Amino acid sequence: MSNCIAIDGPAASGKSTIAKLLAKKLNIAYINTGNLYRAVALAAIRAGRDLARLDREFLETLKLEYTPNESGDYVLKLNGKELEAALRTPEVATGASLVATESEVRDYLLGVQRNFAGKNLIVMEGRDIGTVVFPDAEYKFFVTATPEERARRRLAQNGETADGATLSEVARELAARDKQDSERPIAPLKPAADAVLIDTTNLNIEAVIEKIIGQIKRSN
Ligand code: CDP
């Protein structure tokens, strides 16, 4: 069994906030795998590459590494530089979903993610952690919320939507990404058969964390 709490779910479902806080409460490391896909998309945009056709040679020029910060969370660096704000634009989010359909990209990033397997329990967040990256993860959660609520949450995150974007525009962008993520042939977004489903539409973060910790205690 992999020492991993897998948290999967669609865009803006609250995964990152939940995964980060859960890791803090349990005093273990947190890894955001969406940032890997976002970093590949960002590097490809900067290099003027066709995002739909990335090859291994290009991927191997990218130095992607996670380094733990003072709170123990793993922060992704590309060629030695932190990327946070640059990763969170709508253009990079859409690009990440596109590069994530390619087998070359997924195979390459699978290795990076599996390198985290070890003796310490970690929280890993993404789309396919419980289904593909660590199908034998010790704990699996699939976090959702209604499309309307997710659009509201995304709009409230400064910088992650275009200036002046409306709720319906954001909802459309999320719906397009959900469709691409769920319909791709490789590692589509879907709950693992043994994942615990949590609908966060009417739950605050503390309530979600309580549910997850309760579930972890029950299965021990
Ligand atoms: O933060 P948000 O939920 O909007 O997105 P993200 O978790 O940063 O992921 C960005 C994109 O990367 C997603 O739309 C997926 O296409 C892709 N992704 C993936 O395919 N597999 C993962 N484990 C994580 C992200």
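Everything below is about the structure printed above this text.
Summarised in this report is the structure supplied together with it. Predicted model only: the values in this text are computed from it and were never measured. (Residues numbered from 1 in each chain as written. Predicted model: local features only at pLDDT ≥ 70, side-chain atom pairs only at ≥ 80, totals over all residues. Heavy atoms only, no water.)

**A word on the site of the ligand**
Going by this rule: We call a residue near a molecule or strand when any one of its heavy atoms sits within 4 Å of it. N or O atoms within 3.5 Å of each other form a polar contact, as long as, within protein, one can give a hydrogen and the other can take it, and as long as residues adjacent in sequence are counted only when both atoms are side-chain atoms. Accessibility throughout is a Shrake-Rupley quantity obtained with a 1.4 Å probe, and a residue counts as covered only by protein chains that appear here.
If you check the shell around the ligand, you find 20 residues, and the closest are Arg38, Arg106, Arg154, Arg177 and Asp181. At 3.1 Å, a side-chain N or O of Thr33 approaches a nitrogen atom of the ligand. Between the ligand and Arg38 there is a distance of 2.6 Å, counted from an oxygen atom to a side-chain nitrogen or oxygen. Considered on its own, the ligand offers 530 Å² of accessible surface; in the complex 99% of this is hidden by protein.

**Topic: the sheet that holds strand S4 (residues 74-78)**
Going by this rule: Pairing between two strands is assigned when DSSP locates at least 2 bridges connecting them. Strands are runs of DSSP state E lasting at least 2 residues, helices are runs of H or I lasting at least 4, and numbering of each runs from the N terminus. Between two residues, a contact is recorded if the distance between any of their heavy atoms is within 4.5 Å. Each axis is a line fitted through C-alpha atoms, taken for helices only over the stretch in contact, and angles between the N-to-C directions span 0 to 180 degrees.
What the three strands build is an open sheet, ordered S3-S4-S5; its pairing is antiparallel. Either end of the sheet is taken by a strand with one partner, and the two such strands are strand S3 (64-68) and strand S5 (81-82). As paired strands, S4 and S5 are joined by two bridges and run antiparallel to one another. Opposite Leu78, over in S5, you have Lys81 as the bridge partner. Relative to the sheet, helix H2 (residues 34-46) contacts S3 and S4, its axis offset from that of S4 by approximately 15°.

**Here's the deal with the packing of H2 against helix H5 (residues 90-99)**
Note the threshold: An angle counts as roughly parallel when it lies under 35 degrees, as roughly antiparallel when it exceeds 145, as roughly perpendicular when it falls between 65 and 115, and as oblique in every other case. Classification convention: Asp, Glu, Lys, Arg as charged; Ala, Val, Leu, Ile, Met, Phe, Trp, Tyr, Cys, Pro as nonpolar; all other residues, Gly among them, as polar.
Contact pair H2 / H5: the axes reach a minimum separation of 8 Å and the direction vectors enclose 105°. One finds that H2 runs roughly perpendicular with respect to H5. Taken together, the residues of H5 that come into contact with H2 (itself represented by Tyr37, Arg38, Val40, Ala41, Leu42 and Ile45) are Glu91, Val92, Ala93, Gly95, Ala96 and Val99. Its residues assigned to classes, the contact of H2 with H5 comprises nine nonpolar, one polar and two charged.

**Side note on the layout of surface pockets**
Rules: Two kinds of site are reported from a 1 Å grid over the protein atoms alone, namely cavities, where a 1.4 Å probe fits but cannot get out, and pockets, open sets with protein on both sides within 12 Å along at least five of seven lines, and residues are called lining when an atom falls within 4 Å of a point. Grid points are joined across faces, edges and corners, and a volume is the space filled by probe spheres set on the points.
The calculated volume of the largest pocket comes to roughly 900 Å³. Along its surface, the largest pocket is lined by 48 residues, and Ser16, Tyr30, Asn32, Arg88 and Glu125 are the ones closest to its centre. Counted by class, the lining of the largest pocket contains 17 nonpolar, 14 polar and 17 charged residues.

**Re the sheet that holds strand S2 (residues 29-32)**
What holds strands together in a sheet is hydrogen bonding between their backbones, with the strands either parallel or antiparallel. Reading across from one edge, S2-S6-S1-S7-S8 is the order of the five strands in this open sheet, with parallel pairing throughout. Bordering the open sheet on either side are S2 and strand S8 (196-199), each of which pairs with just one other strand. Recorded for the sheet is a direction-independent mean angle of 20° between the axes of neighbouring strands. The sheet contact formed by strand S1 (residues 2-8) and strand S6 (residues 122-126) spans five bridges and is parallel. Among the inter-strand pairings, Ile5 is bridged to a residue of S6, identified as Val123.

**Brief notes about helix H6 (residues 103-114)**
In plain terms, the rule: Under the convention used throughout, the expected extent of a helix is 1.5 Å for every residue step, that is, one less than its residue count. Remark: exposure states derive from per-residue accessible area (1.4 Å probe, protein chains only) relative to the maximum for the residue type, with buried under 20%, exposed over 50%, and partly exposed in between.
The terminal C-alpha atoms of H6, which comprises 12 residues, lie 16 Å apart, in line with the 16 Å expected from a rise of 1.5 Å per residue. Turning to H6, its buried residues number three or more, namely Val105, Arg106, Tyr108, Leu109, Leu110, Val112 and Gln113. On its buried face, H6 is in contact with H2, helix H3 (56-60), S3, H5, S6 and helix H7 (129-133).

**Some remarks on the pattern of salt bridges**
Two side chains with opposite charge may pair up if their charged atoms get near one another. We apply this condition: One speaks of a salt bridge when a side-chain nitrogen belonging to Lys or Arg is within 4 Å of a carboxyl oxygen belonging to Asp or Glu.
If you walk through the whole model with that rule in mind, you get 16 salt bridges. Residue Asp50 is joined to Arg53 by a salt bridge in which the shortest nitrogen-to-oxygen separation is 2.4 Å. In this structure Arg53 comes out as exposed when scored by relative accessible area, which is 62%. One salt-bridge network, held together by shared partners, links Glu84, Arg88, Arg154 and Glu160.

**Structural notes on helix H10 (residues 205-218)**
Compared with an ideal rise of 1.5 Å per residue, which puts 14 residues at 20 Å, H10 spans 20 Å between its outermost C-alpha atoms and is within 8% of the ideal. Where H10 is buried, its residues touch S1, helix H1 (15-26), strand S7 (137-144) and S8.

**Overview of empty space enclosed by the protein**
Inspection of every chain in the model, using the stated rule, returns one cavity of 30 Å³ or more. Considering only enclosed or pocket space, the largest cavity measures out at about 30 Å³ in volume. If you go around the largest cavity, the residues you meet are Ser2, Asn3, Cys4, Ala117, Gly118, Ile122 and Phe134. Per element, the largest residue contribution to the lining of the largest cavity is three residues, and it comes from S1. A per-class count over the lining of the largest cavity returns four nonpolar, three polar and no charged.

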